[in-house]
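Residues per chain are reported as follows:
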Amino acid sequence: QEDNGREHQYPLRYFNISECSTYSNFWVWDLALTCDNATSLSNCQCKSATILFQYGELECPGTYADSPSCPVGCPVCNTC
């Protein structure tokens, strides 16, 4: 699906909160770069998730009746 030539300029086109595989590796990498302790995930930042939230691509579960929540078996989603 092309969006007037902007398709290749829109990096969020693959993000889907319901499909863990569309973001899990990137979010784990994001966490690994920011954690004080990579084994316990202490004091981590999910910068990419924060950016998605700021741009309205991600919302907290329960914000609206149809707000999506993390899929089962996707711990990085719950962490971020």
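Computed from a predicted model, the values in this text were never measured in an experiment.

(A) Representation of the overall build of the protein chain in the model. When helices and strands are counted, the protein chain shows three helices and zero strands. Counting from the amino terminus, the protein chain carries its helices and strands in the arrangement α-α-α. Classification of the 80 residues of the protein chain by burial places 25% in the buried group. Across the protein chain, the fraction of contacts at a sequence separation of at least 24, relative to all contacts at a separation of at least 6, is 41%. As displayed, the protein chain has an accessible area near 6000 Å², and 50% of this comes from carbon and sulfur atoms.

(B) Region of the structure containing helix α1 (residues 24-34). Turning to α1, its buried residues number three or more, namely S24, W27, D30, L31 and T34. For α1, the angular spread of buried residues about the axis comes to 125 degrees, placing them on one side. Structural note: α1 exposes N25, A32 and L33 on the side pointing more than 90 degrees away from its buried face. For α1, the elements touching its buried residues are α2 (47-54) and α3 (75-79).

(C) Examining the packing of α1 against α2 more closely. The geometry of α1 relative to α2 is characterised by a closest axis approach of 8 Å and an angle of 120 degrees between their N-to-C directions. Together, F26, W27, D30 and T34 of α1 and K47, S48, A49 and L52 of α2 make up the contact between the two elements. Among the residues making up the contact of α1 with α2, the classes are represented as four nonpolar, two polar and two charged.

(D) Local environment of the state of the cysteines. This model, assessed by the stated rule, comprises four disulfides. What pairs with C20 in a disulfide is C74, and their sulfur atoms sit 2.0 Å apart. Disulfide C20 to C74: torsion about the S-S bond roughly 70 degrees, handedness right-handed. Taken together, the residues span a long stretch of sequence, with C20 in the segment before α1 and C74 in the loop between α2 and α3 at a distance of 54 residues. The class of C74 is buried, set by a relative accessible area of 1%. A disulfide bridge connects C46 with C80, and the sulfur atoms are separated by 2.1 Å.

What counts as what
- Here the residue numbers are simple positions, counted from 1 along each chain's written sequence.
- Predicted model: local features are reported for residues with pLDDT of at least 70 only, side-chain atom pairs are reported and counted for 80 or more only, and whole-chain, interface and lining totals are derived from all residues.
- Working from all heavy atoms in the structure, the side-chain values ignore hydrogens and water.
- The secondary structure listing takes helices from DSSP runs of H or I that are at least 4 residues long and strands from runs of E that are at least 2 residues long, numbered from the N terminus.
- Three exposure classes are used, based on accessible area relative to the maximum for each residue type with a 1.4 Å probe and protein chains only: buried under 20%, partly exposed in between, and exposed over 50%.
- A contact between two residues is defined here by any heavy atoms of the two lying within 4.5 Å.
- Using the Shrake-Rupley algorithm and a 1.4 Å probe, accessible areas are obtained, with residue cover drawn only from the displayed protein chains.
- The arc in question is the one spanned by the directions pointing from the helix axis to the C-beta atoms.
- Axes here mean lines fitted to C-alpha atoms, for a helix over just the part in contact, with angles spanning 0 to 180 degrees between N-to-C directions.
- Three residue categories are used. Nonpolar comprises Ala, Val, Leu, Ile, Met, Phe, Trp, Tyr, Cys and Pro, charged comprises Asp, Glu, Lys and Arg, and polar comprises the others, including Gly.
- By definition, disulfides here are pairs of cysteine sulfur atoms that lie within 2.5 Å.

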